[in-house]
Amino acid sequence: MSSLPGRITRTAYEREKRSLQVELLKLQADIRRSADRLLVLVEGRAGAGRGGAIRAFTEHLNPRGARTVALDKPTDQERTQWYFQRHVAHLPSGGEIVFMNRSWYNRAGVEPVMGYCSASDHEEFLQTAPEFEHMLVGCGIRMVKLWFAIDEAEQTRRFDRRAGDALGQWKLSGTRIAGADRWQDFVRAEETMFARTHTSFAPWTVIAAEDKRRARLEAIRVVLARFDYPGKDPLVAHAPDPQLVTPPPRTADREGAPV
């Protein structure tokens, strides 16, 4: 197997990002014209760079047709509701792109590992999440599920840098710090999540995020590759790097899943 590409320089990154952002504007214009709906779930380990990736996506998009959703922990009232209920209110309308910085998939990882939900709640989620997503796709929502992957050593390095950054303290929540000591528990939860929720109609895409800049560029390419739109430049909006962008390590053993 060939080695992963080296870290991209800032100059090269900014050049490629600008070209990809031009393509995103073309895509957004087409979505607005067609009243299509695009939902991008941005998931991954704490410290994997979800926020930076979303900023790269949205930096130059028209805010009237693109928004980011980052929900706080459920309120007491929301805890009594159907689990997916609070997320439904934030789904895209016609002509809109929505990026979810974490989503209902908290119940596949953070919640069971940290003891915020019961085992039965976790199992019910794994059974119903594909059904919920099948309904969304069936009603015309285009869904992209991105998972930003880093290893344990890289997560530790990023947490250490944040601890010394006065402007990054808010990123070190108690849950994130406590979760850093449960790496293998999260690994097992992720394997289960991929096995149960990676389907043909709503597949996962895993992005190697050791190099944050490359991960952002490849994430944009993943989205652009899902669409045909007027003026698409194949030299820019080409397929993502297969060394950095892959299906999950395990596929779902369920009807409708990829072979």
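Each chain has its residues counted from 1, running along the sequence as written. With the structure being a predicted model, the display of local features is reserved for residues of pLDDT at least 70 and the display and counting of side-chain atom pairs for 80 or more, all residues being used for whole-chain, interface and lining totals. Side-chain descriptors were evaluated using all non-hydrogen atoms of the structure, hydrogens and water having been removed beforehand.

Within an unreviewed UniProt entry, the label attached to the chain reads ADP/GDP-polyphosphate phosphotransferase, and the organism entered is Microbacterium algeriense. Quoted verbatim from the Function (unreviewed entry) heading of the UniProt record, the comment on the chain is "Uses inorganic polyphosphate (polyP) as a donor to convert GDP to GTP or ADP to ATP." Taken from UniProt, the Sequence similarities (unreviewed entry) comment for the chain reads in full: "Belongs to the polyphosphate kinase 2 (PPK2) family. Class I subfamily." UniProt positions are given in the numbering used here, feature names are shortened, and annotations may be inferred rather than shown by experiment.

Engineer: Residue-level account of the environment of Thr-156, with values.
Structural biologist: Of note, Thr-156 is situated in helix α6 (residues 152-163). Taking the C-alpha atoms as reference, Thr-156 lies 8.7 Å from Gly-47; in sequence the two are 109 residues apart. Helix and strand definitions here come from DSSP, where helices need a minimum of 4 consecutive H or I residues and strands a minimum of 2 consecutive E residues; each element is numbered from the N-terminal end.

Engineer: Explain the sheet that holds strand β2 (residues 66-69) to me, using residue names and the numbers behind them.
Structural biologist: With respect to topology, six strands assemble into an open sheet ordered β2-β3-β1-β4-β5-β6, the strand pairing being mixed. Each end of this open sheet is capped by a strand with a single partner; those strands are β2 and β6 (245-246). Any two strands with at least two DSSP-identified bridges between them are counted as paired. Across five bridges, strand β4 (residues 141-149) lies against strand β5 (residues 204-208) in parallel orientation. The partner of Phe-148 across the bridge, within β5, is Ile-207. A contact between two residues is defined here by any heavy atoms of the two lying within 4.5 Å. Axis lines are fitted through C-alpha atoms, for helices just across the contact stretch, and the angle between N-to-C directions can take any value from 0 to 180 degrees. Relative to the sheet, helix α9 (residues 212-225) contacts β1 (37-44), β4, β5 and β6, its axis offset from that of β4 by approximately 160 degrees.

Engineer: Lay out the pairing of β5 with the relevant residues and their values.
Structural biologist: The buried count for β5 comes to four of five residues, which makes it a mostly enclosed element. In the sheet, β5 pairs with β6 via two bridges, with the strands oriented antiparallel. Bridging across to β6, Val-206 finds its partner in Thr-246. Exposure classes here rest on a 1.4 Å probe applied to the protein chains alone. A residue is buried below 20% of its type maximum, exposed above 50%, and partly exposed in between.

Engineer: Give me the packing of aromatic side chains: which residues, what numbers.
Structural biologist: Working definition: an aromatic ring pair is given by the centre-to-centre distance plus the angle between the planes. We call Phe, Tyr and Trp rings a pair once their centres come within 6.5 Å, taking the six-membered ring for Trp, and we label the pair stacked below 30 degrees between planes, edge-to-face above 60, and tilted otherwise. In the structure shown here, the tally under the stated rule is 14 aromatic pairs. Ring centres of Phe-84 and Phe-125 lie 5.8 Å apart, and the angle between their planes is 25 degrees; on these two criteria the pair is classed as stacked. Here the residue Phe-84 occupies a position in the loop between β2 and α3 (85-88), and Phe-125 occupies one in helix α5 (residues 119-138), the gap between them amounting to 41 residues. Phe-84 gets classed as buried once you look at its relative accessible area, which sits at 2%. Residue classification places Phe-125 among the buried residues on the basis of a relative accessible area of 2%.

Engineer: Account for the packing of helix α2 (residues 50-58) against α9, with residues named and values stated.
Structural biologist: Direction vectors running N to C along α2 and α9 enclose 55 degrees, while the axes themselves pass 9 Å from each other. One element, α2, and the other, α9, form an angle in the oblique class. The handedness of the crossing between α2 and α9 is right-handed. Across the interface between the two elements, Gly-52, Ala-53, Ala-56 and Phe-57 of α2 pack against Arg-216, Ala-219, Ile-220 and Val-223 of α9. The nonpolar class holds Ala, Val, Leu, Ile, Met, Phe, Trp, Tyr, Cys and Pro. Asp, Glu, Lys and Arg form the charged class, and all remaining residues, Gly among them, are polar. Split into classes, the residues belonging to the contact of α2 with α9 amount to six nonpolar, one polar and one charged. Note on angle classes: values under 35 degrees are labelled roughly parallel, values over 145 roughly antiparallel, values of 65 to 115 roughly perpendicular, and the remainder oblique. Left-handed describes a crossing in which the near helix is turned anticlockwise from the far one by less than a right angle; the clockwise case is right-handed.

Engineer: Tell me about the nonpolar core, and name the residues and values.
Structural biologist: In a soluble, globular protein the nonpolar side chains are often hidden away together inside. Nonpolar cores are built from buried Ala, Val, Leu, Ile, Met, Phe, Trp, Tyr and Cys residues. Side-chain atoms within 4.5 Å join them into one set. Counting 38 residues, the largest nonpolar core has Leu-38, Val-40, Phe-57, Leu-146, Phe-148 and Leu-224 as its most contacted members. Those elements giving two or more residues to this core turn out to be α1 (10-34), β1, α2, β3 (96-101), β4 and α9. Judged by nonpolar contacts, the second largest core, of 24 residues, contains Phe-125, Leu-126, Phe-132 and Met-193.

Engineer: Which residues make up α9, and what values go with them?
Structural biologist: Expected span of a helix, by definition, is 1.5 Å for each gap between consecutive residues, and there is one gap fewer than residues. With 14 residues, α9 should reach 20 Å at 1.5 Å per residue; the first-to-last C-alpha distance of 20 Å fits that figure. Burial of α9 is extensive: 10 of the 14 residues sit out of reach of the surface. Within α9 the residues assigned to the buried category are Ala-215, Arg-216, Leu-217, Glu-218, Ala-219, Ile-220, Arg-221, Val-222, Val-223 and Leu-224. Tucked into the core, α9 has its buried residues touching α1, β1, α2, β4, β5 and β6. If you check the start of α9, you find a side-chain oxygen 3.1 Å away from the backbone N of Arg-213, and it comes from Asp-211. Polar contact criterion, stated in full: a pair of N or O atoms within 3.5 Å, where within protein one must be able to donate a hydrogen and the other to accept it, and residues adjacent in sequence count only if both atoms are side-chain atoms.

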